[in-house]
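Listed below are the residues making up each chain.
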Amino acid sequence: MDVVNRALLVEGDAVLPLVKALSSETRQAMLGLLTHKVLNLSELAATMNLPHSTVSFNVNQLEAVGLVVVETEPGTRGIQKLCSKRYDEVRIRLPGAAVEAAPNHVQISMPIGSYRSVEASPTCGLVSETKIIGMLDDPRSFFEPEHVNAQLLWFGAGHVEYAFPNNVPYGAVTTELSLSMELCSEAPNYNPDWPSDITLWINDVEVGTWTSPGDFGGKAALLTPSWWQVEGTTYGVLKQWSVSERGAMIDGVSLGATAIADLNLAKANHIRVRIGVKEDARNKGGLNLFGRKFGNYPQDIVMRLGFVFPAGAPIPPAGTLG
């Protein structure tokens, strides 16, 4: 993201959901209203002369693709949802263009079922593209041999950890790490008003926390299998954490001072990634994690590593990785 101009670059599998969200004149009008000020749902409904339910639905569509941020705070008549516009510009890289923005990077796609360890408490479960794996609300199901085929997993409390290969070439220095994934809170069935503080750790270093506003369902998403009940969770929000020399960010917004050097990436042949909800989190609303065949985004967990070769360091031949 171009932070100064608040521009979002979209490419690959993320293009279609975003274009669909922008195809509505109602949602385009909402973005226009949110250009210079923050409005709550009631103010949006009154300004647009639309039912509150219609406004809420369309705001959820914009939030799901990252164009709008929704935050809750106390109001004069209970809790109010404040809506703000995240970007002023969207840039779409058309199919056929190179996916990588620079030559000095590697990208790894990790299926959500290929976790190294997991701690899950009910409500919990996991499903493949075609069926439920094991039994629902039984943490033992996460250790079934079929867990590697999971396309959606969820738990009310706990965490899941992955081991990504450290494919930065020998002699290179990692300058940036980013992780993108589709996820949301976990409520019984689904509940769009169910906040959860979801935290990311890399090599046991806390990168930062994102508060998911809810657990989204009630309708089929782009990739919902025909057998899955829409009364359950069907989609999440695509989030991107990143760590560089400048610190940690989520979707281009600062999370704190954790820098790339703090992650100790050069000392191991793999990178440990943990996603979960802390036991002392303020909002203990669980987690849903989506694979490439569930939700709205056809991708697994994607890690991108940027690197440089220090002056004088030998550069290995193309295609040679550590």
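The structure this text deals with has already been given above.
Scope of this entry: the structure provided in the associated data block.

Observations regarding the packing of aromatic side chains
The final tally for this structure, using the stated rule, is six aromatic pairs. Measuring from ring centre to ring centre gives 6.5 Å for Tyr 115 and Tyr 162, while their planes differ by 75 degrees; the resulting arrangement is edge-to-face. In this pair, Tyr 115 sits in the loop between strand E6 (105–110) and strand E7 (117–127) while Tyr 162 sits in strand E8 (residues 152–165), placing the two residues 47 residues apart along the sequence. Accessibility expressed as a relative area gives 8% for Tyr 115, which makes it buried. Of the aromatic side chains, those joined through ring pairs into one cluster are Trp 154, Trp 227, Trp 228 and Phe 294.

Regarding the pairing of strand E14 (residues 237–244)
The element E14 is extensively covered by neighbouring structure, given that seven of its eight residues are classed as buried. Looking at chain direction, strand E9 (residues 173–184) and E14 are connected through eight bridges and run antiparallel. Across the sheet, the residue bridging to Leu 183 is Val 237, located in E14. By the bridge criterion, four bridges tie E14 to strand E15 (residues 247–250) in an arrangement that is antiparallel. Counterpart to Trp 241 in the pairing with E15 is Ile 250. Hairpin remark: E14 followed by E15, antiparallel, with two residues in the connecting loop.

As for the pattern of salt bridges
Under the criterion given, the structure shown has 12 salt bridges. The salt bridge involving Lys 81 is made with Asp 193; its shortest N-O contact spans 2.2 Å. In this pair, Lys 81 sits in strand E4 (residues 78–85) while Asp 193 sits in the loop between E9 and strand E10 (196–202), placing the two residues 112 residues apart along the sequence. We note a salt bridge from Lys 131 to Glu 146, for which the minimum N-O separation is 3.0 Å.

What about the environment of Ala 266?
Here Ala 266 shows up in the loop between strand E16 (253–256) and strand E17 (270–277). Residues Ala 266 and Trp 210 lie 56 residues apart in sequence; the distance between their C-alpha atoms is 27 Å.

Describing the nonpolar core
Tyr 162, Phe 164, Leu 179, Ile 275, Leu 289 and Ile 301 are the most contacted members of the largest nonpolar core, which has 59 residues in total. It is E8 that contributes the most residues to this core, seven residues altogether. Sequence-distant contacts of Ile 301, defined by excluding residues within four places in its chain, comprise Ile 108, Ser 109, Met 110, Ile 112, Tyr 162, Phe 164, Leu 179, Ser 180, Met 181, Ile 275 and Leu 289. Counting 25 residues, the second largest nonpolar core, distinct from the first, contains Ala 14, Val 15, Leu 18 and Tyr 297.

Each value, and the rule that gives it
Residues numbered from 1 in each chain as written. Predicted model: local features only at pLDDT ≥ 70, side-chain atom pairs only at ≥ 80, totals over all residues. Heavy atoms only, no water. Phe/Tyr/Trp six-rings, centres within 6.5 Å; stacked < 30°, edge-to-face > 60°. Helix = DSSP H or I, 4+ residues; strand = E, 2+ residues; numbered from the N terminus. Buried < 20%, exposed > 50% of the residue type's maximum accessible area, 1.4 Å probe, protein only. Pairing = 2+ DSSP bridges. Salt bridge = Lys/Arg side-chain N within 4 Å of Asp/Glu carboxyl O. Core = buried A, V, L, I, M, F, W, Y, C linked by side-chain atoms within 4.5 Å. Contact = heavy atoms within 4.5 Å.

Geometric descriptors of this kind do not, in isolation, establish any biological role.
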